[in-house]
Each structure stands twice: as C-alpha cells, then as structure tokens.
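A look at the structure
As a plain string of letters, each chain reads:
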Amino acid sequence: MADASGFHLTGSAPERYEQYAAPIMAPFVTALLDAVDLCPGETVLDLACGTGFVARIAAAHVGPTGHVCGTDLNEGMLKVAAAHHPRQYPDIEFAAAPADRLPYADAVFDAVLCQQGAQFFPDLDAALREAARVTRPGGRFAATVWSGRERSPYLSAQYEALAERGGQDLADSVDAAFSCTPERITAALEAAGFQDVATREVTFGVALPPLAGFAAGQLASVPWGQQLADEHGDETLAAAGRAIADRLAEYTAPDGSATVPFTATLTTAKR
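Read on for a plain summary of the structure. Just so we're clear, the structure is a prediction, and the values are computed from it rather than from any experiment.

**Some details on the packing of helix α5 (residues 153–166) against helix α9 (residues 223–232)**
Where α5 meets α9, the axes come as close as 11 Å, and the angle between the chain directions of the two elements is 15°. Considering the angle they form, α5 stands roughly parallel to α9. Like other packed secondary-structure pairs, α5 and α9 cross with a definite hand, here left-handed. Taking contact as the criterion, the partners of Q158, L162, R165 and G166 in α5 are, on α9, W224, L228 and H232.

**Topic: the pattern of salt bridges**
Per the stated rule, a full pass over the model turns up 13 salt bridges. For the salt bridge of E130 with R133, the shortest nitrogen-to-oxygen distance reads 2.6 Å. Of this pair, E130 and R133 both sit in helix α4 (residues 124–134), separated by three residues, roughly a single helical turn. The class of E130 is buried, set by a relative accessible area of 11%. The partner of E235 in a salt bridge is R242, with the nearest N and O atoms 2.9 Å apart. E235 sits in the exposed class, given a relative accessible area of 52%. One network of salt bridges, with partners in common, ties together E160, E164, R165 and R247.

**Things to note about the pairing of strand β5 (residues 135–146)**
In terms of burial, β5 is largely enclosed, as nine of its twelve residues are buried. Across six bridges, strand β4 (residues 109–115) lies against β5 in parallel orientation. Of the residues in β5, the one forming a bridge with C114 is A143. By the bridge criterion, seven bridges tie β5 to strand β7 (residues 258–270) in an arrangement that is antiparallel. Paired with W146 across the strands is A264, a residue of β7.

**Comments concerning the side chain of T236**
Examined against the element boundaries, T236 turns out to sit in helix α10 (residues 234–247). Residues within four places of T236 in sequence aside, it is in contact with R165 and L228.

**As for helix α8 (residues 211–219)**
Across the nine residues of α8, seven count as buried, placing the element largely inside the fold. Within the sequence span of α8, burial applies to L211, F214, A215, A216, G217, Q218 and L219. Each element contacted by the buried residues of α8 is listed here: α1 (13–36), α5, β6 (195–208), α9, α10 and β7.

**Considering the packing of aromatic side chains**
On inspection of all chains with the given rule, the structure shows ten aromatic pairs. For the ring pair F28 and F204, a centre distance of 5.0 Å and an interplane angle of 85° mean the geometry is edge-to-face. Within this pair, whereas F28 is found in helix α1, its partner F204 is found in strand β6, the two being separated by 176 residues in sequence. Between the aromatic rings of F141 and F194, the centroid separation amounts to 5.4 Å while the plane-to-plane angle is 45°, which identifies the pairing as tilted. Taken together, the residues F141 in strand β5 and F194 in the loop between α7 (182–192) and β6 connect sequence positions 53 residues apart. In this structure F194 comes out as buried when scored by relative accessible area, which is 3%. The cationic tip of R149 hangs over the ring face of Y159; the distance from NZ or CZ to the ring centre is 3.5 Å.

Rules of the game
Residues numbered from 1 in each chain as written. Predicted model: local features only at pLDDT ≥ 70, side-chain atom pairs only at ≥ 80, totals over all residues. Heavy atoms only, no water. Axes fitted to C-alpha atoms, helices over the stretch in contact; angles between N-to-C directions. Helix = DSSP H or I, 4+ residues; strand = E, 2+ residues; numbered from the N terminus. Parallel < 35°, antiparallel > 145°, perpendicular 65-115°, else oblique. Left-handed = near helix turned anticlockwise from the far one by under 90°. Contact = heavy atoms within 4.5 Å. Salt bridge = Lys/Arg side-chain N within 4 Å of Asp/Glu carboxyl O. Buried < 20%, exposed > 50% of the residue type's maximum accessible area, 1.4 Å probe, protein only. Pairing = 2+ DSSP bridges. Phe/Tyr/Trp six-rings, centres within 6.5 Å; stacked < 30°, edge-to-face > 60°. Lys NZ or Arg CZ within 6 Å of the ring centre and 35° of its normal.

Given below as structure tokens:
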C-alpha cells in the first residue's frame, strides 16, 4: 500500500505501518490470495507491496519451487519488507520501482496482486497496462481498494478526527484512499487488455487491540498522521487518537479492544 502520489512514509513510519496495519490488512490479504488460488511453483508479483504482507503469504502458497517479487516506490517500506522476510521462503525479491515502470520482462508472472495500492497510483491506466504486460496469457490479476469511507467506521472516525485536529484540507487528503471506484478500476483493466473483470465488496469485522493506544499509533503510521504530527505536534496526534477511540465507542468492549467492520472492493481479472 504505497506509491508516490498519496502514500509515502518517512523515518520510522514504515516499521509502524508493519505493526499497526497488520490486523486491518490480514483478512483482506487472505481474500485477495483466495481470489487467485495460487499453486506451488507459480510466479507472483506483489504490486505496491508496502512492507510485504501479500508477498509473504504468497510465498507460502507457491513454496520453494515458486517465485515472488514485490515492488514499491518507497524504499523505507521495502527495507521493512526485507527485514520481515520469512527465512523458510528465501525466494522473494523486492525492488524499488514505480507501478507504471516495472523492471520485468513481458509475460513473466502467473498472478499480479495489489493490496490497497491502486488508489494511490499517479496514473492508474499506465500502471494497469504494465500489470498486463508482465502477466502471462491466462494469468490472473486481483486487487483490493477501500470502498467508500462511510463503509468503514474506523476510517470515517479517522477522517473526522483529522478534520477536527488538523483542518479540513488535511482530512480531505485522506480521500485519495477511497478514490478508486469499481467503475474506474474496471475501465482501466479492460483498457489494459484484461478480461473477465469482476468486482465485489468484501466486509470483515476486524479485531483491534485497545483503541486508546492503537488509534494514535496507527495514525502515526500513515502519511496524513505524519503530516498532523509534523504540523501540530505529537500531543495533537495523541488527541486525534483519543478522538478516534471515542467515536468508536459502540464497537468497543469493556477492556478497550474493538471489533470494527472494514469494507473493501475486491477486483479480479484474467489476462
């Protein structure tokens, strides 16, 4: 989940992203991989791989005879991805590259996967043309992007807290995360030469640790949270975290943990 236009992390934020995004992303990573039904020995690209959530699980599916590559523009994310590389699956190669200029030959991947990255590509059409170029005939593509902000209460609460603590312009910068509609990604995939494009919403109740600590940490792991701290200080960031937790009271258990629904659009296609 990273690219140049809207999701660039600096400093220690990539390591925080690995920690705080993991529980949110986990069920969607599973759904993404289930959609392409990987087999041992296959070759897979994790496009906009972030810290490697998809790449690691894909490697477990394709096994030692398979091959997994991950690309991302953010070198800090790639360093964390390499550090969390599972030793039992050594054949994962991470490379710094923009989504619209991939360092691979034509038709080399059985599957191209993109978990929460497509909405941040500066040129979605060019990126999906590149995905088509590197996918073998008959190969599969799958991506998840967040559905509308109102479909995920946690993300809505984050938006409202940012508007309250950092101003409306900062809050509005979050809307890039919800910019890739089913119609937009379908049109781009079809124009790139993919076939059998299908989209569907997937919703999971995500179990989160006590929100009093989690919400501020998670906010610090995304670009708009970094900007809030840079412009208004760490105490404002902490206050925004408390405001997020307060807004999610109806989902919160007595111990402070919460189970909150998140909804994404899952898109699949064939080359």
